[in-house]
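One-letter residues, chain by chain:
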Amino acid sequence: MRSPVAQFAAAILTLTGVTLVCFHSLVRHPGAVLIGPQRGGENDLTGYFIPIHSFPRQCMADYGQWPLWNAQILGGQPFAADPLAGMWYPPNLLLLPRSVPLPFAFNLLFVLHFAWAGYGLFLFLCDEGLNPGPALLGSAAFMGTP
């Protein structure tokens, strides 16, 4: 029987493998937009989120501070209070470095959330009393659903 640490390490490796299988196209094309275009060549990622997250990058580069107001949308609106801007969500800090292209940063953020969800479900199922094998199967099935 393996130690609990070895079981959890095996689970992390397996769930990382499931993540790589689910996103195999990103391994080959890391700069591609993860979610394909819809409705006339755009979707929410390309039409809203990439432009909205390029704004704080520009403000940090030009002014060295967080943008609190966005004068580029309509007549101006609060940027820091916009929940879709996600300024106060710590994982979105991965989107700030200008050396990383935004499509790649969004893909990385999405894949990390995906793996985090699978590992979180694995821990939840283990906490509910399942053995690591069935818990791993359950979390891998969860990660494989569309």
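For the structure itself, consult the block above.
In this text, all values refer to a predicted model and were calculated from it rather than measured experimentally.

## Quick notes on the packing of aromatic side chains
Scanning the entire structure with this criterion turns up 6 aromatic pairs. Between Trp66 and Trp88, the ring centres sit 6.5 Å apart and the planes meet at 35°, which makes this aromatic pair tilted. Taken together, the residues Trp66 in the loop between helix H3 (44-63) and strand S1 (69-70) and Trp88 in the loop between strand S2 (77-78) and helix H4 (102-127) connect sequence positions 22 residues apart. Residue classification places Trp66 among the partly exposed residues on the basis of a relative accessible area of 36%. In this structure Trp88 comes out as exposed when scored by relative accessible area, which is 60%. Here the aromatic rings of Tyr119 and Phe122 are separated by 6.1 Å at their centres, their planes lie at 25°, and the arrangement is stacked. Placement of the pair is Tyr119 and Phe122 together in helix H4, with a separation of 3 residues, close to one helical turn.

## Thoughts on the packing of helix H1 (residues 4-22) against H4
In a packed pair of helices, the relevant descriptors are the angle between the two axes and the axis-to-axis distance. Relative orientation of the contacting elements H1 and H4 amounts to 140°, with a least axis distance of 10 Å. Between H1 and H4, the angle falls in the class oblique. In the crossing of H1 with H4, the sense of the turn from one axis to the other is right-handed. Facing Phe8, Ala11, Ile12, Leu15, Thr19 and Cys22 of H1, the residues of H4 in contact are Val111, Phe114, Ala115, Gly118, Tyr119, Phe122, Leu123 and Cys126.

## Quick look at the nonpolar core
Among the nonpolar cores identified, the biggest contains 13 residues, and Leu15, Phe23, Phe122, Ala135, Leu136 and Met143 are the most heavily contacted of them. Residue assignment for this core shows that the elements contributing at least two residues are H1, H4 and helix H5 (132-144).

## A closer look at H1
Compared with an ideal rise of 1.5 Å per residue, which puts 19 residues at 27 Å, H1 spans 27 Å between its outermost C-alpha atoms and is within 8% of the ideal. Listed as buried for H1 are Ala11, Leu15, Val18 and Thr19. Buried residues of H1, seen end-on, are gathered within an arc of 100° and therefore sit on one face of the element. Opposite its buried face, H1 presents the exposed residues Val5, Leu13 and Val21, each directed more than 90 degrees away.

## Quick notes on a nonpolar patch on the surface
Side chains of Met60, Trp66, Leu68, Trp69 and Leu93 sit close together on the surface and give an oily, nonpolar patch of about 520 Å² of accessible area. Structurally, Met60 is set in helix H3.

## Regarding the side chain of Asp82
Among the secondary structure elements, Asp82 is positioned in the loop between S2 and H4. A relative accessible area of 14% places Asp82 in the buried class. Here Leu84 takes part through its backbone nitrogen, which lies 3.1 Å from a polar atom of the side chain of Asp82.

Cut-offs and rules
- Residues numbered from 1 in each chain as written.
- Predicted model: local features only at pLDDT ≥ 70, side-chain atom pairs only at ≥ 80, totals over all residues.
- Heavy atoms only, no water.
- Phe/Tyr/Trp six-rings, centres within 6.5 Å; stacked < 30°, edge-to-face > 60°.
- Helix = DSSP H or I, 4+ residues; strand = E, 2+ residues; numbered from the N terminus.
- Buried < 20%, exposed > 50% of the residue type's maximum accessible area, 1.4 Å probe, protein only.
- Axes fitted to C-alpha atoms, helices over the stretch in contact; angles between N-to-C directions.
- Parallel < 35°, antiparallel > 145°, perpendicular 65-115°, else oblique.
- Left-handed = near helix turned anticlockwise from the far one by under 90°.
- Contact = heavy atoms within 4.5 Å.
- Core = buried A, V, L, I, M, F, W, Y, C linked by side-chain atoms within 4.5 Å.
- Expected span 1.5 Å × (residues − 1).
- Arc of directions from axis to C-beta.
- Patch = residues over 30% accessible without salt bridge, like charges linked within 9 Å, V, L, I, M, F, W, Y side chains within 5 Å.
- Areas by Shrake-Rupley, 256 points an atom, 1.4 Å probe, with all protein chains shown as cover.
- Salt bridge = Lys/Arg side-chain N within 4 Å of Asp/Glu carboxyl O.
- Polar contact = N/O pair within 3.5 Å; in protein donor to acceptor, adjacent residues only side chain to side chain.

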